[in-house]
Structure formats: structure tokens, C-alpha cells
Amino acid sequence: MDRIAAFISGRRTSWVTFVLGFVVVGALFALLPQAGAAPAPGTGLPSSADSQRVDALLKRFPGADRTVAIVVFDRESGLTNADRAAIGERAAALAKRSVVPQAVRPQVSDDGRVAVVAVPLNAKPAADDATAVATTIRGLARADLPAGLTARVTGPVGFQADIANAFAGADFRLLLVTALVVAVLLIVTYRSPLLWVVPLVVVGAADGLARVVVAAVATPLGLSVDASISGIQSVLVFGAGTNYALLLISRYREELRRLPDPHEAMRVAVRSAGPTIAASGGTVAVSLLTLLLGELSGNRALGVACAIGVVIAILAAVLWLPAALVVFGRRLFWPFVPKAEAGASTAERGVWVSIGRRVARRPRAVAVVAVLGIVAMGSGLAGFRFGLSQTEQLLGNPESVQAQHLVDRSFSAGAGAQTIVLAPTAVADRVATIAKGTTGVTTVTSGAEAVGRTEIDLQLDGAPASDAAFTSIRELRAALQDAGGSVATTLVGGSDATAYDQRQAQQRDQTVVVPSILAVVFVILALLLRSLVAPVLLLASVLATFLASLGLGNLLFQHVFGFAGFDVQVPLFAFLFLVALGVDYNIFLTARAREERTRHGTRDGVVVALGATGGVITSAGVLLAAVFVVLGVLPVVALAQIGTLVCIGVLLDTLVVRTLLVPALVLITGDRFWWPSRRDAARPVRTS
């Protein structure tokens, strides 16, 4: 690291590195294929899933590659005769666009307030551009309607269109809001009109470069980077990259108070902070790559995209940013320019040293209070609900959700979903009988035959993607399996079955990825800190933070935001980010504590380390928390929940766990914290 630090901070070579950074970034932008508009999230299921096998077989059925738009007409006071006549005319116009015109017939609810028109459509145009298809259907449905009669589109086409709209322009909105948040917090942190520009430009370039690199490697790897993955990647790169910049700049400013030469100060800063940044960022990147063990392709794509982004952020923070800072010299910190003072040290004064000394007086009491507080927050998990129905997954009450609520109120809640059974033709009647006897199945209709199978269309009582619908899918599949013989080869697919398979795959991924993350982080911490005790205690503290965050998040989601529960992907992603980023801050602290241990011993070394890193880690934590909240810009419940949980967890980790609990654990265990490393000679300093 010495040679790298000397090169990028040298009087001439710093300029070379600074300019070379622009050249490399510009060349990669020019040579690599540019990322196009990110698609809306897909199912991510493997081809072996039953629902995906049904989709594949349906392509061989004549006219079976269909989807449906559900047009819902309503008048609160009840449909008039003029309304019904207009609905009939609109149904006739919609029928001309349908692949099954004879099926486009209005159905009026028993209370006479709502009418539904199902419009079968070709699936490919809707999959390619659901927004355009939905816009066309809305235009036909709303033409020349009587005043007060409304028409809304729901069903698969309506929900696909609203999901696509939720992510429309997401890249620009996220980038703009994230950059503004980072800029404001950097200005507040450094109180300088100049300094914030450099890390923001470097991190912004790293984010743009990460997008280009990910786009270049995604296709060869068979990965689809959708809009949600792209958004999370940007937030993570900005958050982590700025965190690393804060750590480097803090160490640089500390050295500027000791050394008169900025180049020498930067060399020392890079030599000291560089390995810590690389180790902490590497931990995050490797943790993200454990998602490659997942079954859902979206999880694997997220792991690869975010890992690439973090690696690029590390390289930018360790190689390009130091050169940029040293090129501009001390004046970049104006008006609070650090001046070299003989014997100056920020590590033995300030509020964080004061906090460390207070913890050192009564470490056991501090640890007990912190643990009890975390347990109390974790108790908020009471009443935890896992999984959201289709209408609960979007914020802002979009049109498809409004229309589905009308269908739920006036018809069978499952009218807006599709459940398709492909049975061997020889036993199709028996399969239909089993389906009729399954809980929640209201109608069973036999359809076309092809490839030795018969299509059987079902309508369920449960709302789309609800627990009731999943119960019906699960019981139907179990009953078919229990029947044995060729009946057991029957496949159940459709939108509800797809959503159910996604939930099952997500749960399977959690059981594989979570222990893998813990194992990877333990190994990295053990190698970095050369200890077997420290990794156990640090991981325990991070796990406690995760559970407390889930508890507080559950209370907020239920009683403040009104969410029905956690989206299926939220616990895994929140765990991944909180463990990786939480360990990040602990690495910042404990790596410095290990460095100070040689001079001050374990007990006083952690106090000095807290004093040296407390300010920068707190600033980094607040910034990262604020950046993740930006995910709430998109009207998707899953992203809002991930952002909220990471925000809560990072703040809790920064302000409580890293500030109080971890130092208390180090003080309680003493030199045993570093076991089996031997204790180095120490010169104790006064801590009280």
C-alpha cells in the first residue's frame, strides 16, 4: 500500500493520477455499451417452477398466449339505463381490440353499482409495453361516457402498466434526489463551499461508471437488471462511496494537523485508511455476491450489480479521490483550513473521547442498558406479517388498485387474476373434479387441448396474490400430487401461482443466503482483525441491530404508514445491507482500535479509536441513512420498506451499537477480544 499511497499523493504523480482518472472513466463510458432504460421487475423464477412450465407450454396452445385487461365501470349512486347502454357500446368497441371478441361482455354486480368487462389480449404486446396497451384500453373505455360514470383498468394489464409507471423515470429521479441529499449533507459536514464538490463528483462518476459496467456484463452473464435493481445500486454506490470518502477525508484532515506537507499527509492517510476502506468495502461486496446462491434471478442480478458498484466505489475512493484532494491542497477546506501544529492530536479530545471515557467507567452497565433497549425495540415484531397482496404492493393508490377494490367489493375478489391448470387430457375430467373440491375455487372451465394436455381455467375467491389465493394454489397442488398417477403431473400456473412460486423461492433464498452472509463476514473479520472472539461479538451486535430495526420498522409500517405487512423480498435485502454495512462501521472502529492498541493497550486504545473515528462514522451513518430513505421516492412498498429499515438500522448501529455497545464489549472482554492474537506492549493513557 505504501507504493500506491506514495504515487497517488506525489507532487507530480498526483496530477497524473487525477487526469488519468478522467481519462479512464471517459474511455470506459465511450467504449462500453450504454445502459438503456431499465425494464420493470420480472418474476425472476427459474424455468423449473411449475408456473413457468405452464407459461412455456401455453405458447404451444392455439391462442393461449393471452393476457387480460379488466375494465371496471362504476357509479357510486348506481348505474343508470344510460350508463348500461354506454357500457354496452364501450364493450363493443373493446371487443374489436380483443383476441376473443365474443368473450367481451359486460357483467353487472348484484347491487347495480359496478360493471366489469374482461378484454382478452395478446400477451406479447402487453409484455413489451403494458403502459401503451393500458392507455389504448382506457381511451376506448372512457370515450363518450355519461357524466359521473368512471372507467378504470385493472387485471394483469392494469397492474403491469402501473408497475411500469412506478419505475418510469426512476433512474433520473433517484439520481437527482440522491445527489441533492449527499450534497447537502457534505456541505453541513465540512462547512465548506468547496470541499463537498470533489467527493460528490468522484462518487457520481463512480455511480455512472458502475451502471455502464453492469450493463456490459449483465447480458453475457444472463442477468436482467431491472429498474428496482438499478435504483438500489445507485443508492448503495452513493451511500457507500460517500462513506469511504468521509473516512479518507477525515484521516487526511487529521494528518494535515500534524504534517505541514499535504502530499505527505495524504500519503499517511491513504496508507492508514486505504486498507480499512478496502477491507470494509470488500466485506460488503463479498456479502452481496452471496446472492448468487439464490434461486431468483433478480436476487442474483442485484448481488452482481451492487457488488460491482461497491468495488468501483472503493477504487474511486482509494485511488482517484486522494489525488483529486491533494491536487487542490489545503485551500479546499476553506474557510476552516487545517493548520499543522506540533504534537497536534484529535484523538485525545472531543465529545467522542468523552463518551468513550464514560463507557469505560461502567462498561457492563452500558452493555446491559444497550441490550435491553435493543430487545425492547425488537419486541415490535409482535404481529409481524410476511407477504403483501397485489393491491398492497404499490403506494399512492394507482388506478389498478382502485379498480381491484371495486371488484373485490362487488364480485369475487379473484376475478382480476388468472389461474390456469394444464392437465393430461386423459385425466382432465378428474383434475376438474379435484379443482372443484378445492377450497377457494369458485369456477372451473375446460378449454383448449394441445401437446397432450387440456387447459382448465379457474377463478379463485381470494384477492390476487393474497394469502387466501396462495392457500388455494397450495391445496390444489397438494391434492393433485396425492391423487398420484398421471394426475400428479398436472401443472398449476397463472398469475397467482406465479406470485406463490416467487414467495416460496424468496423464502428458499433466505434460508441459503442468510447463513452464507454470516459465514463470509465471520471469515473476513477473523482474517482482518486476527481474532476469533471479535467477529462473534461484532456479528452478534449487528444481528441485534437487524432485529431491532425489524421491530421498529414493523411498528412504523403498521401504525404510521398503514402497510399490511412486509413485502417478501424485504427481510432478506434488509438483512444483507444491515449486516454488510453495519460490519462496515465496526471495521472502521475496531481496525483503528487495533492500530491504537499497540500504543495504548486494548482498554484505552478503544477509547482513543472512538475519539478518532466517532465524528466521521456518525457523519457517514447519518448520510447513508438519509441516502437509503431516497428509495421512498419510488411508489413501491418494497423499496420504501428497504429504505426505511436500512435507515433505522444504520442510525441505530451508528448512534448506539458502535458508540456504546461495541466499545463496552471490548472493555468487558479486554485482551480476550483479540484472542488468539497476543497482546502487544502498551503504554496506558488516562481514560477518566
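Just to check I follow, could you spell out the overall build of the protein for this structure?
In terms of helices and strands, the protein carries 21 helices and eight strands. Since a compact globule built from 688 residues should have a radius of gyration of about 26 Å, the 29 Å found for the protein is in line with a globular shape. Once the C-alpha set of the protein is aligned to its principal axes, its extents read approximately 90 × 50 × 50 Å. A buried classification covers 56% of the 688 residues belonging to the protein. Long-range pairs, those at least 24 residues apart, make up 81% of the contacts in the protein between residues at least 6 apart in sequence.

Where do I start with the packing of aromatic side chains in this structure?
Any two aromatic rings considered together are summarised by their centre-to-centre distance and by the angle between their planes. In total, this model carries 15 aromatic pairs according to the counting rule given. Plain terms: the ring middles of tryptophan 15 and phenylalanine 18 are 6.2 Å apart, the flat faces sit at 80° to each other, and that makes the pair edge-to-face. Pair noted here: tryptophan 15 and phenylalanine 18 are both in helix 2 (residues 13-31), with a separation of three residues, about one helical turn. Grouped by ring-pair contacts, the aromatic residues Trp15, Phe18, Phe22, Trp320 and Phe328 constitute a single cluster. Looking at arginine 191, its charged tip hangs above the ring of phenylalanine 336, at a distance of 4.5 Å from the centre. When the ring centre of tryptophan 352 is taken as origin, the NZ or CZ atom of arginine 658, which lies over that ring, is 5.4 Å away.

Can you help me understand the nonpolar core in this one?
Side chains of nonpolar character tend, in soluble globular proteins, to be buried together. Grouped together as the largest cluster of nonpolar side chains are 152 residues, with contacts concentrated most on Tyr244, Tyr252, Leu288, Leu325, Phe577 and Phe628. The element that contributes the greatest number of residues to this core is helix 20 (residues 570-629), accounting for 29 residues. In this structure tyrosine 252 touches Pro262, Ala265, Met266, Ala269, Leu325, Val326, Gly329 and Phe333, once residues within four positions along its chain are discounted. Core analysis: the next-biggest nonpolar cluster, separate from the first, contains 26 residues, Val71, Ala130, Leu145 and Leu149 among them.

Sorry, what's going on with the confidence of the model for the protein here?
If pLDDT is low for a region, its predicted coordinates should not be looked at in detail. On average, residues of the protein score 87 in pLDDT, and 95% of them reach the 70 mark or higher. Note that residues 681-688 has pLDDT below 50 and, in this model, 22 contacts with residues that lie over four places away or in other chains.

Just to check I follow, could you spell out the side chain of aspartate 207 for this structure?
If you trace the backbone, aspartate 207 turns up in helix 9 (residues 197-218). Note on aspartate 207: relative accessible area 2%, which makes it buried. Ignoring any residue separated from it by four or fewer positions in sequence, one finds aspartate 207 in contact with Leu175, Ser234, Val237 and Phe238.

What is the right way to read the environment of proline 33 from this model?
One can find proline 33 in the loop between helix 2 and helix 3 (50-58). For the pair proline 33 and valine 213, spaced 180 residues apart in the sequence, the C-alpha separation amounts to 8.4 Å. Ignoring any residue separated from it by four or fewer positions in sequence, one finds proline 33 in contact with Val212, Ala215 and Ala216.

Hey, could you run me through helix 11 (residues 262-289) in this one?
An α-helical turn contains 3.6 residues, so any two residues separated by three or four positions project in the same direction. Along its 28 residues, helix 11 runs 38 Å from first to last C-alpha, staying within 8% of the 40 Å computed at 1.5 Å per residue. Largest kink in helix 11: about 35°, centred on alanine 273, with the proline proline 275 one to four residues after it. Counting buried residues along helix 11, 20 of its 28 residues qualify, which places the element largely inside the surrounding structure. A distance of 3.1 Å separates the backbone nitrogen of histidine 263 from a side-chain oxygen at the start of helix 11, and that oxygen is part of aspartate 261.

Could you clarify how one ought to interpret the sheet that holds strand 2 (residues 107-108) in this entry?
Two pairing modes exist for strands in a sheet, parallel and antiparallel, and in both the strands are linked by backbone hydrogen bonds. One open sheet accounts for four strands, arranged 2-3-1-4; its pairing is antiparallel. The open sheet has two edge strands, strand 2 and strand 4 (150-154), and neither has a second partner. Here five bridges tie strand 1 (residues 66-74) to strand 4, and the two strands are oriented antiparallel to one another. Paired with aspartate 74 across the bridge in strand 4 is threonine 150. Across the sheet, helix 4 (residues 81-95) touches strand 1, strand 2 and strand 3 (114-122), and the angle it forms with strand 3 is around 5°. Relative to strand 4, helix 6 (residues 130-142) is tilted by about 155°, and along the sheet it contacts strand 1, strand 3 and strand 4.

It is not clear to me how the packing of helix 20 against helix 21 (residues 637-669) should be interpreted in this structure. Could you clarify?
Helix packing geometry: the angle between the two helix axes and the distance between the axes. Contact geometry of helix 20 with helix 21 gives a least axis separation of 4 Å together with a crossing angle of 15°. Judged by the inter-axis angle, helix 20 sits roughly parallel to helix 21. Of the two possible hands of crossing, helix 20 and helix 21 adopt the one that is right-handed. When its residues are assigned to classes, the contact of helix 20 with helix 21 shows 27 nonpolar, 12 polar and three charged.

When you look at the pairing of strand 6 (residues 441-450) in this model, what are you seeing that I'm missing?
If a strand is regular, its side chains alternate between the two faces of the sheet. Where strand 6 and strand 7 (residues 453-460) come together, seven bridges link them in antiparallel fashion. Note on strand 7: the bridge partner recorded for valine 441 is leucine 460. Between strand 6 and strand 7, which pair antiparallel in sequence order, lie two residues; one of them, valine 451, sits at a positive phi of approximately 45°.

Would you mind showing me how to read empty space enclosed by the protein here?
Picture a little ball the size of a water molecule; that probe, rolled over the atoms, points out where space is still empty. One pass over the structure, following the stated rule, counts one cavity of 30 Å³ or more. Taken as a whole, the largest cavity encloses approximately 40 Å³ of empty space. Lining of the largest cavity is provided by Val542, Thr545, Leu578, Leu581, Gly582, Tyr585, Gly649, Val650 and Asp653. Breaking the lining of the largest cavity down by element, the ones donating at least two residues are helix 19 (533-559), helix 20 and helix 21. With four residues, helix 20 is the single largest residue contributor to the lining of the largest cavity.

Sorry, what's going on with unusual backbone geometry here?
Trans is the common state for peptide bonds, and a negative phi is the common state for residues other than glycine. Note the cis peptide between tryptophan 334 and proline 335, where omega equals 10°. Tracing the chain through its elements places proline 335 in the loop between helix 12 (297-328) and helix 13 (351-361). Here the amide bond leading from tryptophan 675 into proline 676 is cis, since omega sits at 10°, within 30 degrees of zero. Mapping proline 676 onto the fold places it in the segment after helix 21. Of note in this structure, aspartate 144 is not a glycine but carries a positive phi near 60°. For aspartate 144, a relative accessible area of 73% translates into the label exposed. Positive phi is not limited to glycine here, since arginine 191 has a value of about 50°. Take arginine 191: it is sitting in the loop between helix 8 (170-190) and helix 9.

Help me understand the sheet that holds strand 5 (residues 419-424), please; the structure alone is not making it clear to me.
Spatially, the four strands line up as an open sheet ordered 6-7-5-8, and their pairing is antiparallel. In this open sheet, the two edge strands, each paired with only one partner strand, are strand 6 and strand 8 (491-494). Ignoring strand direction, the axes of neighbouring strands in this sheet form an average angle of 25°. In the packing of helix 16 (residues 428-436) onto the sheet, the strands contacted are strand 5, strand 6 and strand 7, and the crossing angle to strand 7 comes to about 10°.

Criteria and thresholds
Position numbers for residues count from 1 along each chain, tracking the sequence in the order it is written. Local features in this predicted model are restricted to residues whose pLDDT is 70 or higher, and side-chain atom pairs enter the listing and the counts only when it is 80 or higher, whereas totals over whole chains, interfaces and linings include all residues. No hydrogens and no water enter the side-chain calculation; it runs on all heavy atoms of the structure. Here a strand is any run of E in DSSP of at least two residues, a helix any run of H or I of at least four, and the numbering for each starts at the N terminus. Restricting the calculation to C-alpha atoms gives the radius of gyration, and the globule rule supplies 2.2 Å times the number of residues raised to the power 0.38. Residue exposure (1.4 Å probe, protein chains only): buried if accessible area is under 20% of the type maximum, exposed if over 50%, otherwise partly exposed. Throughout, a residue-residue contact means that at least one pair of heavy atoms, one from each residue, lies within 4.5 Å. Put simply, two rings from Phe, Tyr or Trp (the six-membered ring, in Trp's case) pair if the centres are within 6.5 Å, and we call them stacked under 30 degrees between planes, edge-to-face over 60, tilted for the rest. By the criterion adopted, a ring carries a charge over it if an Arg CZ or a Lys NZ lies within 6 Å of its centre and within 35 degrees of its normal. Residues enter a nonpolar core if they are buried and are Ala, Val, Leu, Ile, Met, Phe, Trp, Tyr or Cys, with the set joined through side-chain atoms within 4.5 Å. Known as pLDDT, the predictor's confidence for each residue is given on a scale from 0 to 100. Here the expected length of a helix is defined as 1.5 Å per residue gap, with one fewer gap than residues. Fitting one axis to the seven residues ending at a residue and another to the seven starting there, the bend at that residue is the angle between the two axes. Polar contact is defined as a pair of N or O atoms within 3.5 Å, subject to the rule that within protein one atom must be able to donate a hydrogen and the other to accept it, and that residues adjacent in sequence are counted only when both atoms are side-chain atoms. For two strands to be treated as a pair, DSSP must find at least two bridges joining them. In this analysis, axes come from line fits to C-alpha atoms, helices being fitted only over the stretch in contact, and the angle between any two N-to-C directions falls in the range 0 to 180 degrees. Our angle categories are set so that under 35 degrees counts as roughly parallel, over 145 as roughly antiparallel, 65 to 115 as roughly perpendicular, and the remainder as oblique. By definition, turning the near helix anticlockwise from the far helix through less than a right angle yields a left-handed crossing, and turning it clockwise yields a right-handed one. Residue type decides the class: Asp, Glu, Lys and Arg count as charged, Ala, Val, Leu, Ile, Met, Phe, Trp, Tyr, Cys and Pro as nonpolar, and the leftover types, Gly among them, as polar. The method works on a 1 Å grid over the protein atoms by themselves. A cavity is a set of points holding a 1.4 Å probe that cannot get out, a pocket is an open set with protein on both sides within 12 Å along at least five of seven lines, and residues with an atom within 4 Å of a point line them. Grid points are joined across faces, edges and corners, and a volume is the space filled by probe spheres set on the points.

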